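Structural features, examined
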Amino acid sequence: MSEIAPKKVRGALVAGYQFCITLGILLANCVVYATQGRDDTGSYRIPIAIQFLWAIILGTGLFLLPESPRYYVKKGKLDLAAKSLCSVRGQPIDSEYIQDELAEIIANHEYELSVVPQGSYLASWTNCFQGSILQASSNLRRTLLGMGLQMMQQLTGINFIFYYGVVFFKRLILPEQSL
């Protein structure tokens, strides 16, 4: 998503993406709540069918999206990268905007090649764990930080509240408070 989005709107797209995830969780809970009283198999089949419907829509959309310009640059197909940029940006291939952005993508790719050690598929994965935890620019430190952030996000308990909060709070027995 952020690879093909213009720089000006990348942050808004990511924020919108997170909003859509939260909205999707809300709608899923509404569907589950609406079907919970059914005595037949529709109580679980209807929510699953709706999930399949969205999966089919998203899967179909994947075939309509062009390949990323960065992917084409990485493969050395600069003409296809320019066509992909034209398709995404709605500009002619000879426009200054397309040429500047393509030059920037190529320059970033060349910089990455000079900085990141090249090797096999396995070597690229092991590169994530190179360095020392004490060095700020270490890949190991970055990888552990990313993993830690993901774990802390899950440990905040928000998924518990989303999925089991209603049941939990209904069954929670609190002592009566004296005034």
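What counts, and where the lines are drawn
- Residues numbered from 1 in each chain as written.
- Predicted model: local features only at pLDDT ≥ 70, side-chain atom pairs only at ≥ 80, totals over all residues.
- Heavy atoms only, no water.
- Helix = DSSP H or I, 4+ residues; strand = E, 2+ residues; numbered from the N terminus.
- Expected span 1.5 Å × (residues − 1).
- Polar contact = N/O pair within 3.5 Å; in protein donor to acceptor, adjacent residues only side chain to side chain.
- Core = buried A, V, L, I, M, F, W, Y, C linked by side-chain atoms within 4.5 Å.
- Buried < 20%, exposed > 50% of the residue type's maximum accessible area, 1.4 Å probe, protein only.
- Contact = heavy atoms within 4.5 Å.
- Axes fitted to C-alpha atoms, helices over the stretch in contact; angles between N-to-C directions.
- Parallel < 35°, antiparallel > 145°, perpendicular 65-115°, else oblique.
- Left-handed = near helix turned anticlockwise from the far one by under 90°.
- Nonpolar A, V, L, I, M, F, W, Y, C, P; charged D, E, K, R; others polar.
- pLDDT = per-residue confidence, 0-100.
- Patch = residues over 30% accessible without salt bridge, like charges linked within 9 Å, V, L, I, M, F, W, Y side chains within 5 Å.
- Areas by Shrake-Rupley, 256 points an atom, 1.4 Å probe, with all protein chains shown as cover.
- Salt bridge = Lys/Arg side-chain N within 4 Å of Asp/Glu carboxyl O.

A short note on helix H7 (residues 139-155)
Over its 17 residues, H7 extends 24 Å from the first C-alpha to the last, a length consistent with the 24 Å expected when each residue adds 1.5 Å. Its side-chain oxygen placed 3.2 Å from the backbone nitrogen of Leu140, Ser138 serves as the N-cap of H7.

Considering the nonpolar core
Among the nonpolar cores identified, the biggest contains nine residues, and these are Tyr72, Val73, Ala81, Ala82, Leu85, Cys86, Ile98, Leu102 and Ile105. For this core, the secondary structure elements donating two or more residues are helix H3 (69-74), helix H4 (78-89) and helix H5 (96-115). For this core, the element with the highest residue contribution is H4, accounting for four residues. Cys86 has contacts with Gln91, Pro92, Ile93 and Ile98, leaving out every residue within four places of it along the chain.

Topic: the environment of Val32
Within the secondary structure, Val32 is located in helix H1 (residues 10-35). For Val32, a relative accessible area of 44% corresponds to the partly exposed category. The spatial distance from the C-alpha of Val32 to the C-alpha of Gln154 is 22 Å, given a sequence separation of 122 residues.

Thoughts on the packing of H1 against helix H2 (residues 42-64)
Each packed pair of helices is defined by two parameters, the angle between the axes and the distance between the axes. Two elements in contact, H1 and H2, have axes whose closest approach is 8 Å; the angle formed by their N-to-C orientations is 155°. Taken together, the axes of H1 and H2 lie roughly antiparallel to each other. Handedness of the crossing formed by H1 with H2: right-handed. Side by side, H1 and H2 meet where Val31, Val32 and Thr35 of the first sit next to Gly42, Ser43, Ile46, Pro47 and Ile50 of the second. The class makeup of the residues in the contact of H1 with H2 is five nonpolar, three polar and no charged.

What about the packing of H4 against H5?
Two elements in contact, H4 and H5, have axes separated by 10 Å at closest approach and are oriented at 125°. Between H4 and H5, the crossing angle belongs to the class labelled oblique. Between H4 and H5 lies a crossing whose hand is right-handed. Between H4 and H5, the contacting residues are Leu78, Ala81, Ala82, Leu85, Cys86 and Arg89 on the first element and Tyr97, Ile98, Glu101, Leu102, Ile105 and Ile106 on the second.

What to know about the confidence of the model for the protein
Confidence along the protein averages 86 in pLDDT terms, with 97% of residues attaining 70 or more. No element of the protein has a lower mean pLDDT than helix H8 (residues 158-171), which averages 77, and none a higher one than H3, which averages 92.

Description of a nonpolar patch on the surface
A cluster of nonpolar side chains, contributed by Ile158, Phe160, Ile161, Phe162, Tyr163, Tyr164, Phe168, Phe169, Leu172 and Leu174, occupies part of the molecular surface with about 1000 Å² of accessible area. With respect to the helices and strands, Leu172 occurs in the segment after H8. Looking at Leu172, the relative accessible area reads 38%, which means it is partly exposed.

Observations regarding the side chain of Glu101
In this fold, Glu101 is placed in helix H5. Setting aside residues up to four positions removed in sequence, Glu101 forms contacts with Leu85 and Arg89.

Here we look at the pattern of salt bridges
For the structure shown, the criterion picks out two salt bridges. A salt bridge links Arg38 to Asp40; the nearest nitrogen and oxygen atoms lie 3.0 Å apart. Accessibility expressed as a relative area gives 39% for Arg38, which makes it partly exposed. We classify Asp40 as partly exposed; its relative accessible area is 41%. Arg89 is the partner of Glu101 in a salt bridge, and the nearest nitrogen-oxygen pair spans 2.6 Å. Of this pair, Glu101 sits in helix H5 while Arg89 sits in helix H4; the two residues are 12 residues apart in sequence, bridging distant segments of the chain.

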